[in-house]
Amino acid sequence: MNLRRLALILVPYLWLMGFFLVPFLIVVKIALSDTAIAIPPYWPVLDLSAGWTGIKEFFSELDLENFIFLTEDSLYWKSYLSSLQIATISTFLTLLVGYPIAYAMAQAPDEWRPTLMMLVILPFWTSFLIRVYSWVGIIANEGLLNQFLLWTGLISEPLQIMNTPTAVYIGIVYTYLPFMILPIYATLEKMDGSLIEAAVDLGCSRGKAFWLVTLPLSRPGMIAGCFLVFIPALGEFVIPSLLGGSQTLMIGKVLWEEFFSNRDWPVAAAVAVVLLLLLVIPIVLFQRNQQKQEEAGR
Amino acid sequence: MAEANPQKVFAPWEDPNQAPLIRFEGVTKKFGTFTAVDDLNLDIYRGEFFALLGPSGCGKTTLMRMLAGFEDPTMGKIWLDDVDVAPIPPNRRPVNMMFQSYALFPHLTVWDNIAFGLKRSDMPKDKIGDRVQEMLRLTRLEQFAKRKPHQISGGQRQRVALARSLAKAPKLLLLDEPLGALDKKLRQETQFELMDIQEKTGTTFVIVTHDQEEAMTVATRVAVMDHGKLVQVATPAGIYETPNSVYVADFIGEVNIIEGAAAPTGDGKVDIAFAEGAEPIHATIGEPVTAGQKVFFAIRPEKIHVGREPDPTRANRIRGKVHDIAYLGNISTYRVELETGQMISAQMTNARRLSRRDFTWEDEVWLSWTDTAGVVLTR
Amino acid sequence: MNRSMSWFNVTSLTLGFAFLYLPMMILIFYSFNASKLVTVWAGFSTKWYGELLHNKQFLDAAWVTLRVGVMSSTAATILGTMAAYVMVRGGRFFGRTLFSGMIYAPLVMPEVITGLSLLLLFIAIGLDRGIFTIVLAHTTFSMCYVSVVVSSRLMTFDRSLEEAALDLGCSPFDAFKSVTLPIITPAVISGWLLAFTLSLDDLVIASFASGPSSTTLPIKIFSAVRLGVSPEINALSTIMIGIVATGVITTSLISKNAIRRQRQEELEGTKL
């Protein structure tokens, strides 16, 4: 029986070690190596056949050179900053768009709710790539939106939306909207409707009751939704590369190009390590928020 | 005496030649620093309906889970039929359990739930059907055999759980709060049904409950537990009439506890001085007490007579004033304030109609009881 | 709460769902456009679907994607269910914190990092990139999603059901097979579907893990749409959206019916 238990634990454990932890350690190792024109394109290479002295030599060759390089070249810190800025702004926009939808869903008649829920979840099951792509035909210079605006006469020449940060905002808000709606809807739906009635009974106007009761009570859902949008948006690659054009800097795209176009693996690995360090803070905060909510729910 | 009684009383615990079915020997169970069961010794005999009674957290469920094999004792031994059960895993023990939540498998029908254990024994396939049928008959569930657990009522689910745990004819059946999920009326009916089934099958039952009424109704013997220890093990009547401590007296039913100083008067009697200037209580002692020792006099409300005049045939007569009356239909409970300030509850059956009731609030009354009506406790 | 909705709520629902669905509607609409120019309507036509069916590259990529999806989601379901069981029922063991960390970390890890690290591993151990490496990569990240889905079901699962099975004579393995597994099956199935969708959808990790001979559909689509809108991709997208929508709507109808039937049975049960 204990052998079975051991096997049960070991199989997924070793799998995750081998295909998650070890690869990540390799990234860290390569980030500390030097670029070389060779195959593989970095140096030193761990040579186990040389024994202990080989390992010692290997470690003595590792350094932080690539990380220093990241701070020297303005491209990198500019793209980190721009990623943070884009992720923050688009998270805020998603909240603005998602909250009224979640609120209206929670107010909807009971028999509508499962259908509304399904309508929110359905896009999540359809291809992310296709959803991003569907905007290309709309916001391009000769796209439908510009055609429409030109036809109405509101503008005289096409708006440049495609290949700007605005396009990236639209893409992020559009693709991550369900992640914002669902947690907010969950907190609003659980809320006791008589709380609002009590607030009104005690002299609040409807608007004031929303501001003083509903909004504070839905805060955990808002926080959860914001993290669920912010964390993946920070490392986003598909949206900036399809909608953002060459002038929108986002770190996921820089990493991709560093790796595939420049074949500079050590720098790409260093970019990845820094991006992960950047993500640790929101992830830890998110974890705390979830734990607090779970405890409060008990 | 016993020989004169033609009907043999079931009391194996009084027979020194009887070997117990279960023996706990210095059993201790610790969870980290918390001691759930503390150096406990207990014998349970074949054919008993044994109740473990206590508040939640007293260790009764842990004791039962150790019998089933879901917990191992930290120290001590458990013997089942003279076999040390420690190395036997739960699936090999001749013990079955009825779970508090019933734990009916939601994906299986009633029939398959009952057959579940049989299919895992060495019983031949054709016999299984007969045995399941027998169990369905015993628990009056024949017409529900093809239903799933969510398609039957709570009382029926309870009976399926019972049938399932009895199907393998275990040496010992453990019941964890078996009636806890039922409403009061159904619970009372089911108690008698349980006793009936226990008698028919002859299986030894151990029941865990926090409901003292339930324990008193069904059990041959009751063990009262507190903080992982057995406080008293006795028949329901023994527990009720001669509790060995204030804890037991207070836990089972209603009781008046009066604290005082003992003054033995010889021939097994004692006077208890409980208040300045009041006549001491005359009582009979169970265990020896010394002069001046602090004792507790415990008396049940129904043992106290309430009257306009003192009852000369009873040894104790005290005057008081009616403070409160709780009318319960068949009986009334009077809360009487003594002149010394104590509050005593007394119960009288309502033989007469309400309109002709004798006493009302603020009436002066006499409380009387015999010198054997209460018990003298030292702890 | 069956109050009538305010105009504000109706407006935000209408605008919200229009925002969510209009772009996809437009995409579907223009996939039936006869013109090569996507933004100019030139009459109804299904010719792009016809061309798609004759585009061997797309068909090959679709076949690769499907195979990868089935293999990786099956492996991920097995591994993820094991992991969930270990997390919820495994008790304490050495390195438990690391284990749960490794389950949750891939959920928040940017895809570019997961992809990069796996590629570096495959190179380090000298594994040729192809369908096999994509399956390995997809299994690894989707098993974590499966384990989250399955463990949330296991957590609400009444533990005494397993104890009852042991009590009635099952070995621990037998108890898992005949009691635990049948009850968690719906969660395992939705875990598989989730893993399958994630695999079909993935562009970034597949790009890192694939070799020249193993192009998946998302990779193909990505390289096509980088050059701008194409009516063929519109047709392909329409097909994919159609499949997903049918699947999701059917399953939700089935589960709705199942719930209704169960409620009815419960009602009948309590009457007797």
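The rules behind the values
- Residues numbered from 1 in each chain as written.
- Chains lettered and ligands numbered in written order.
- Predicted model: local features only at pLDDT ≥ 70, side-chain atom pairs only at ≥ 80, totals over all residues.
- Heavy atoms only, no water.
- UniProt positions renumbered as here; feature names shortened; annotations may be inferred.
- Helix = DSSP H or I, 4+ residues; strand = E, 2+ residues; numbered from the N terminus.
- Buried < 20%, exposed > 50% of the residue type's maximum accessible area, 1.4 Å probe, protein only.
- Contact = heavy atoms within 4.5 Å.
- Domains from an automatic or database assignment.
- Buried area = accessible area lost by both parts, 1.4 Å probe.
- Salt bridge = Lys/Arg side-chain N within 4 Å of Asp/Glu carboxyl O.
- Polar contact = N/O pair within 3.5 Å; in protein donor to acceptor, adjacent residues only side chain to side chain.
- Nonpolar A, V, L, I, M, F, W, Y, C, P; charged D, E, K, R; others polar.
- Axes fitted to C-alpha atoms, helices over the stretch in contact; angles between N-to-C directions.
- Left-handed = near helix turned anticlockwise from the far one by under 90°.

Labelled according to an unreviewed UniProt entry, chain C appears under the name ABC transporter permease subunit, originating from Rhodobacter flavimaris. Per UniProt, chain C has the following entry under Subcellular location (unreviewed entry): "Cell membrane". Under the UniProt heading Sequence similarities (unreviewed entry), the entry covering chain C gives this text: "Belongs to the binding-protein-dependent transport system permease family. CysTW subfamily."

As annotated in an unreviewed UniProt entry, chain B is Spermidine/putrescine import ATP-binding protein PotA from Rhodobacter flavimaris. UniProt, in its Catalytic activity (unreviewed entry) section for chain B, records the words "ATP + H2O + polyamine-[polyamine-binding protein]Side 1 = ADP + phosphate + polyamineSide 2 + [polyamine-binding protein]Side 1." Here chain B is described in UniProt, under the heading Function (unreviewed entry), as follows: "Part of the ABC transporter complex PotABCD involved in spermidine/putrescine import. Responsible for energy coupling to the transport system."

## Section: the overall build of chain B
A tally of helices and strands in chain B yields eight helices and 20 strands. Projected onto the principal axes, the alpha-carbon positions of chain B cover approximately 80 × 50 × 50 Å. Burial statistics for chain B: of 379 residues in total, 48% are counted as buried. When contacts within chain B are restricted to residue pairs at least 6 apart in sequence, long-range pairs at least 24 apart make up 67% of them.

## Quick notes on unusual backbone geometry
Residue and element names in this part refer to chain B. In this structure, Tyr102 is a non-glycine residue whose phi angle is positive, near 70°. Tracing the backbone shows Tyr102 in the loop between strand E6 (95-98) and helix H2 (110-119). Here His227, not a glycine, exhibits a phi torsion of approximately 50°, which is positive. You can see His227 is positioned in the loop between strand E9 (221-226) and strand E10 (229-234). The exposure class of His227 is exposed, given its relative accessible area of 64%.

## Considering the domain arrangement of chain B
Where interface size is quoted, it is often the accessible area lost as the parts come together. All names here are of chain B. Assigned domains within chain B: domain 1 (12-249) and domain 2 (254-377). Between domain 1 and domain 2, the C-alpha centre-to-centre distance is 39 Å. Across the boundary between the two partners, domain 1 contributes nine residues, which contact nine residues of domain 2. For the pair domain 1 and domain 2, the two sides together bury roughly 720 Å², of which 58% comes from carbon and sulfur. Interface area lost by domain 1 to domain 2 is led by Tyr240, Val246 and Ala249, which between them contribute 66%.

## Some thoughts on the interface of chain C and chain A
Opposite the 83 residues of chain C that make contact, chain A presents 81 residues. For chain C, the biggest contributors to the area lost against chain A are Phe19(C), Leu20(C) and Met102(C); these three give 8% of the whole. Here chain C is connected to chain A by zero salt bridges. Broken down by element, the side of chain C that touches chain A gets its largest block of residues, 14 residues, from helix H1 (residues 7-30) of chain C.

## A closer look at the UniProt feature "domain: ABC transporter" (unreviewed entry) in chain B
In the numbering used here, UniProt assigns the feature "domain: ABC transporter" (unreviewed entry) to residues 22-252 of chain B. Secondary structure within residues 22-252 of chain B divides into 36% helix and 26% strand; the distance between the first and last C-alpha atoms comes to 26 Å.

## Notes on the interface of chain C and chain B
Taken together, the contact between chain C and chain B spans 22 residues of the former and 27 residues of the latter. For the pair chain C and chain B, the summed buried surface comes to about 2100 Å²; carbon and sulfur atoms form 59% of the total. Connecting chain C to chain B are two salt bridges. Its salt-bridge partner being Glu163(C), residue Arg65(B) comes within 2.6 Å of it at the nearest N-O pair. Between the two partners, chain C and chain B, sit 11 residue pairs in polar contact (both at pLDDT 80 or more). At the level of secondary structure, the elements contributing two or more residues to the side of chain C that touches chain B comprise helix H7 (159-167), helix H8 (172-201) and helix H11 (231-271) of chain C. Top contributing element to the side of chain C that touches chain B by residue count: H7(C), with seven residues. The residue inventory of the side of chain C that touches chain B, partitioned by class, reads 10 nonpolar, six polar and six charged.

## Observations regarding the packing of helix H4 (residues 74-107) of chain A against helix H14 (residues 251-260) of chain A
Any two packed helices are characterised by how steeply their axes cross, that is the angle between the axes, and by the distance between the axes. All names here are of chain A. For the pair H4 and H14, the least separation of the axes is 8 Å and the interaxial angle reads 145°. Together, Tyr76, Ser79, Tyr80 and Ser83 of H4 and Ile251, Val254 and Glu258 of H14 make up the contact between the two elements. Residues of the contact of H4 with H14, tallied by class, amount to four nonpolar, two polar and one charged.

## Looking at the packing of H4(A) against helix H12 (residues 219-234) of chain A
All names here are of chain A. Contact pair H4 / H12: the axes reach a minimum separation of 9 Å and the direction vectors enclose 140°. H4 and H12 meet at a crossing whose hand is right-handed. Of the residues in H12, those in contact with Ser83, Leu84, Ala87, Thr88, Thr91, Thr94, Leu95 and Tyr99 of H4 are Met222, Cys226, Val229, Phe230, Ala233 and Leu234. Taken together, the residues of the contact of H4 with H12 break down into 10 nonpolar, four polar and no charged.

## Comments concerning the UniProt feature "transmembrane region" (unreviewed entry) in chain C
Per the UniProt annotation, the sites labelled "transmembrane region" (unreviewed entry) are residues 7-32, 61-86, 98-125, 131-150, 179-200 and 233-254 of chain C. For residues 233-254 of chain C, the end-to-end C-alpha separation is 31 Å, with 100% helix and 0% strand making up the annotated structure.

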